[in-house]
Amino acid sequence: LPFPLSKVQGTHPDCSVVLHFQQLEEECLQRIRSESPSPGQAGQGCPTEWDGLSCWPALPLGHSRAVACPEILSVFKKSKGLIQRNCTEWGWSPPSPPYHSACQLEMLGSSNDTEAKACHFVTMKVLYTCGYSTSLAALLLAIGIFCCFRKLHCTRNSIHIHFFTSFILRGTAVFIKDRVLFSDESIDHCTMSTVTCKAAITFFQYSVLANFYWLLVEGLYLQTLLLLTFTCDRSYTWGYVLMGWGVPMVTVGVWVLTRLQYDNHGCWDDYSSVYWWVIKAPILLAIFVNFLIFLNVTRMLAQKIRCPDLSRTHKQQYMRLTKSTLLLIPLFGVHYVVFALFPEHVGVDARLYFELVLGSYQGFLVALLYCFLNGEVQAEIRRNWSTWQRSMESNVFNLATQDFTA
């Protein structure tokens, strides 16, 4: 038998306030429409009215009515104040005492606090915009280096390129999301529910998932390299690709279908819904597995380095790749695990700082570790630079010789 499934209304606390008052207003307007007076009853009292915060039922002339402060205000400050209005021959009188006095709304925050928060978020946006721009430039240059030099074409660097691409997608997704959701200040973000904004959030969630799973692939590849020294690592390449791009695609697909079926409201950018765990759980799983790999690789590396039969070339290769990967695994996962243990509304400022500001420079750090500080890459660049210089000198000498003989 089919059972009715309730809709989950998980929204940001600020939006919950807005949506609550919008619901009250709609209920009041329905009441006004149902109480439309007949022509003979017009002018005999005050009709039902919505004043922006409370619904005032119809009242005969000369009477008064008192209502309590809106219930939603108790979220900020509990108040049992009453507001009174009289029905006069000129209509409803102004609320007495005013809402801000009876309900102590001045405790919600002054205009100075609002301006300070706006300035804080503008500064944060500038910082993470600079961070993502720097990361995108560094990652594109790193991909170009790996693609241009044929000697750098190998499974290890191919995985690095996929990892870099996931960072490029993540940075691009952040810019797209900001453009779609916050470019127009006149748009009510709490009630915004368009296909475009949902697609932007979906792309963002996919890029974040792909980012974490390609970090997991980096860890798995390092572990495979240490375990299977004499195995051709090309046989695992397609498995890595399916894990890095396929698992996030399946996860996001399940999340999209779930939101469409059970929680299709807003722009899907709320993190208080229980269906957010469809995205959150796979990320936590990837981080947990990477942490186990971190411990296992550390153990195996200690054994490999102490092994007298291992050649110096293999030791250098292991050390080079291990230093990069072992640094990235705890760096990328620790703060996410810490924040995952707390509700989404706890530590919002710290969460935003780590995930947006510091997270925006992770792509630059990855390009630095895997490419620019890579001894193999530096040697190849120096070799090609020397070859180019010799070629230029030879061309100049040939031109000079031709001019002299002419």
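Remember, it's a predicted structure, so these values are computed and weren't measured experimentally.

Cut-offs and rules
Residues numbered from 1 in each chain as written. Predicted model: local features only at pLDDT ≥ 70, side-chain atom pairs only at ≥ 80, totals over all residues. Heavy atoms only, no water. Salt bridge = Lys/Arg side-chain N within 4 Å of Asp/Glu carboxyl O. Buried < 20%, exposed > 50% of the residue type's maximum accessible area, 1.4 Å probe, protein only. Disulfide = S-S within 2.5 Å. Helix = DSSP H or I, 4+ residues; strand = E, 2+ residues; numbered from the N terminus. 1 Å grid on protein atoms, 1.4 Å probe; cavity = no way out; pocket = protein on both sides within 12 Å on 5 of 7 lines; lining within 4 Å. Points joined across faces, edges and corners; volume = space filled by probe spheres on them. Nonpolar A, V, L, I, M, F, W, Y, C, P; charged D, E, K, R; others polar. Pairing = 2+ DSSP bridges. Contact = heavy atoms within 4.5 Å. UniProt positions renumbered as here; feature names shortened; annotations may be inferred.

### Re the pattern of salt bridges
Scanning all chains against the criterion turns up 5 salt bridges. Between R33 and E26 there is a salt bridge; the shortest N-O distance is 3.4 Å. Judged by relative accessible area, which is 52%, R33 ranks as exposed. With a shortest N-O distance of 3.6 Å, D263 and R259 are connected by a salt bridge.

### Concerning the state of the cysteines
Inspection of every chain in the model, using the stated rule, returns 3 disulfides. In this model C46 forms its disulfide with C87; the gap between the sulfur atoms is 2.1 Å. Measuring handedness by torsion sign, the sulfur bridge of C46 and C87 sits at about 100 degrees and is right-handed. One end of the pair, C46, is in strand β1 (residues 45–46); the other, C87, is in strand β6 (residues 82–88), with 41 residues separating them in the sequence. Neither C46 nor C87 differs from the other in exposure class; each is buried. In this model, C197 is linked to C267 through a disulfide, with the two sulfur atoms separated by 2.1 Å. Taken together, the residues span a long stretch of sequence, with C197 in helix α5 (residues 195–227) and C267 in the loop between α6 (237–262) and α7 (277–306) at a distance of 70 residues. Here C197 falls in the buried class, since its relative accessible area comes to 0%. Owing to a relative accessible area of 2%, C267 belongs among the buried residues under this scheme. Free cysteine C148: the closest other cysteine sulfur is in C147, separated by 6.8 Å. Taking relative accessible area as the criterion, C148 reaches 63% and is therefore assigned exposed.

### Some details on empty space enclosed by the protein
Counted by the stated rule, this structure contains 3 cavities of 30 Å³ or more. Counted as a void, the second largest cavity has a volume near 50 Å³. For the second largest cavity, the full set of lining residues is Y132, S135, L136, L139, F167, R170, G171, N211, G359, S360, Q362 and G363. Taken together, the elements giving at least two residues each to the lining of the second largest cavity come down to α3 (111–148), α4 (155–182) and α10 (362–372). Here the element with the most residues in the lining of the second largest cavity is α3; it accounts for 4 residues. Partitioned by chemical class, the residues of the lining of the second largest cavity number 4 nonpolar, 7 polar and 1 charged.

### Some words on the sheet that holds strand β7 (residues 91–92)
On the basis of which strands lie adjacent, the open sheet formed by 3 strands has the order β5-β6-β7 and antiparallel pairing. Taken across any chain shown, the strands that pair with only one partner, and hence form the sheet edges, are β5 (64–68) and β7.

### Describing the environment of S93
Positionally, S93 belongs in the loop between β7 and α2 (99–102). S93 sits in the buried class, given a relative accessible area of 15%. When the C-alpha atoms of S93 and S64 are compared, they prove to be 9.3 Å apart, with 29 residues separating the residues in sequence. Leaving out residues up to four positions away in the same chain, S93 has contacts with R85 and N86.

### Quick look at the UniProt feature "transmembrane region" (unreviewed entry) in the chain
Sequence positions flagged by UniProt for "transmembrane region" (unreviewed entry) are, in local numbering, residues 126–147, 159–176, 212–230, 237–257, 277–297, 318–341 and 353–373. As a span, residues 277–297 carries 100% helix and 0% strand, and end to end its C-alpha atoms are 29 Å apart. Taken end to end, residues 353–373 comprises 81% helix and 0% strand; its first and last C-alpha atoms sit 27 Å apart.

### Considering the pairing of β6
Only one face of β6 is buried, namely the one carrying I83, R85 and C87, since none of L82, Q84, N86 and T88 on the opposite face is buried. Note: β5 against β6, 5 bridges, orientation antiparallel. Looking at β6, one finds that R65 is bridged to R85. For β6 and β7, the ladder comprises 2 bridges, and the chain directions are antiparallel. From the neighbouring strand, T88 faces β7, where its bridge partner is G91. Linking two consecutive strands that pair antiparallel, namely β6 and β7, is a turn of 2 residues.

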